[in-house]
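Descriptive structure summary
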Amino acid sequence: MLDAYQIRAGRALLGVTQQELASAAGISVASLNNIERNIAKPRAATLKMLKQVFFNAGLSFEQNETFQSLYFNRFGRPGSYDAALTYEQLTHYFNPDSLLKIKRIIFFTFDLTDKTDIEIGIVIETSRRVILLDHMKFSFQYAPRIELLGNAMLQIFTLYGEQTYLSTQHVKNIHQLKVDELLAFLDANDYQKMRHPQQLFAQLPNWQEKMRLLLNIPDHPIKRLYALLEHLIDD
């Protein structure tokens, strides 16, 4: 479990206030202040939540009888093929109370080989970290993934509409690229403001036919997304 010194060090490394960490962990600032000053013995559940919040922000802790270590992963690339787990991850990333401090969200298209269908990836740029989501299998091939993508986009356009962008370049064989190659690609890429998901979907094959089907499904996330954006535009 974490101790007061690790919590203070983790918060300092991320550059977040006690208020921000307390909000992310669901505890009061007074409680966190007492924990950091080592004058209160926190419950195990509270320490577990703090550790999870730090982990979601890229921090990990190691210790044994002779040392304590704190690691900060500035490049995150989570892999998940389970829809429920993926949704939980995305909820953490796009929660405005998280410690990530999102600066920009970039959508792009990619393939794994020249023969695979085009998939959709997301880059989350934060104040101190880059997170690449290219293992989520977002494509029009998988109905549960389309729903997941729609829900993610609803959250993104609602909370980060002015920080949402679209890459103008398609990425080939993305899983064969090393981290430094991916970061170089992201730095050199051209981006445009993404005002509507149609800008992204238009890069996918047969998107108009598939979109007509989705927009005819009652309460589908994509349909709700289109309705949300139409309402925002009308306003």
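In case you missed it, the structure is sitting above this.
The notes below deal with the structure included here. (Residues numbered from 1 in each chain as written. Predicted model: local features only at pLDDT ≥ 70, side-chain atom pairs only at ≥ 80, totals over all residues. Heavy atoms only, no water.)

**Here we look at the pattern of salt bridges**
Considering all chains together, one arrives at nine salt bridges under this definition. Of the charged contacts in the structure, one is a salt bridge between Arg11 and Glu36, with a shortest N-O distance of 2.7 Å. Here the residue Arg11 occupies a position in helix 1 (residues 4-14), and Glu36 occupies one in helix 3 (residues 29-36), the gap between them amounting to 25 residues. Residue class for Arg11 comes out buried when judged on its relative accessible area of 18%. (Salt bridge = Lys/Arg side-chain N within 4 Å of Asp/Glu carboxyl O. Helix = DSSP H or I, 4+ residues; strand = E, 2+ residues; numbered from the N terminus. Buried < 20%, exposed > 50% of the residue type's maximum accessible area, 1.4 Å probe, protein only.)

**Notes on the sheet that holds strand 5 (residues 119-126)**
One open sheet holds the six strands; their spatial order is 3-6-5-4-7-8, and the pairing between them is mixed. Here the strands that pair on one side only, and so sit at the sheet edges, are strand 3 (75-76) and strand 8 (191-193). Note that strand 5 and strand 6 (residues 130-138) share five bridges and pair antiparallel. Paired with Ile124 across the strands is Ile131, a residue of strand 6. Those strands touched by helix 5 (residues 83-94) are strand 4 (102-110), strand 5 and strand 6, and its axis lies near 150° from that of strand 6. On the sheet, helix 6 (residues 143-160) packs against strand 4, strand 5, strand 6 and strand 7 (164-167) and is oriented at approximately 150° with respect to strand 4. (Pairing = 2+ DSSP bridges. Contact = heavy atoms within 4.5 Å. Axes fitted to C-alpha atoms, helices over the stretch in contact; angles between N-to-C directions.)

**Notes on the environment of Ala22**
Tracing the backbone shows Ala22 in helix 2 (residues 18-25). With 31 residues separating them along the chain, Ala22 and Val53 place their C-alpha atoms 9.8 Å apart. Once residues lying within four places of it in the same chain are set aside, the contact partners of Ala22 are Ile27, Ser28, Val29 and Leu32.

**A short note on the pairing of strand 4**
Every other side chain in a regular strand lies on the same face of the sheet, so the side chains alternate between the two faces. Along strand 4, seven of the nine residues are buried, which leaves the element largely enclosed by surrounding structure. Where strand 4 and strand 5 come together, eight bridges link them in antiparallel fashion. Note on strand 5: the bridge partner recorded for Ile106 is Val123. For strand 4 and strand 7, the ladder comprises three bridges, and the chain directions are parallel. Its bridge partner lying in strand 7, Ile106 is registered against Tyr165.

**With respect to the nonpolar core**
Generally speaking, soluble globular proteins have nonpolar side chains that are buried together. Counting residues in each nonpolar core, the largest one holds 36 residues, and the members touching the most others are Phe94, Phe107, Met153 and Phe201. Elements with a contribution of two residues or more to this core: helix 5, strand 4, strand 5, strand 6, helix 6, helix 8 (198-201), helix 9 (207-215) and helix 10 (221-234). Ranked by residue count, the leading element in this core is helix 6, at nine residues. Non-local contacts of Met153, meaning those with residues more than four positions away in its chain, are made with Phe107, Met194, Pro197, Leu200, Phe201 and Leu225. (Core = buried A, V, L, I, M, F, W, Y, C linked by side-chain atoms within 4.5 Å.)

**A few points about the packing of aromatic side chains**
Applying the stated criterion across every chain yields a total of three aromatic pairs. Both rings, one in Phe140 and one in Phe201, keep their centres 5.4 Å apart while their planes meet at 50°; by these two values the pair is tilted. Placement of Phe140 in the loop between strand 6 and helix 6 and of Phe201 in helix 8 is noted, with a sequence separation of 61 residues between them. Residues Phe140 and Phe201 agree in their burial class; the two are buried. Stacked on the ring of Tyr165, the Lys or Arg Arg104 has its end atom at 5.5 Å from the ring centre. (Phe/Tyr/Trp six-rings, centres within 6.5 Å; stacked < 30°, edge-to-face > 60°. Lys NZ or Arg CZ within 6 Å of the ring centre and 35° of its normal.)

**Overview of helix 4 (residues 44-56)**
Compared with the 18 Å implied by 1.5 Å per residue over 13 residues, the 18 Å span of helix 4 between its first and last C-alpha is a close match. Where helix 4 is buried, its residues contact helix 1, helix 2, helix 3, strand 1 (59-63) and helix 5. At the C-terminal side of helix 4, Gly58 shows a positive phi close to 105°. (Expected span 1.5 Å × (residues − 1).)

**Quick notes on empty space enclosed by the protein**
Enumeration according to the criterion identifies one cavity of 30 Å³ or more in this entry. Counted as a void, the largest cavity has a volume near 60 Å³. As for the largest cavity, its lining consists of Leu14, Ala57, Phe72, Leu99, Leu100, Lys101, Thr126, Ser127, Arg128 and Arg129. Grouping the constituent residues of the lining of the largest cavity by class yields five nonpolar, two polar and three charged. (1 Å grid on protein atoms, 1.4 Å probe; cavity = no way out; pocket = protein on both sides within 12 Å on 5 of 7 lines; lining within 4 Å. Points joined across faces, edges and corners; volume = space filled by probe spheres on them. Nonpolar A, V, L, I, M, F, W, Y, C, P; charged D, E, K, R; others polar.)

**Considerations on the pairing of strand 1**
Here five bridges tie strand 1 to strand 2 (residues 68-72), and the two strands are oriented antiparallel to one another. Bridge pairing links Phe61 to Leu70 in strand 2. Hairpin remark: strand 1 followed by strand 2, antiparallel, with four residues in the connecting loop.

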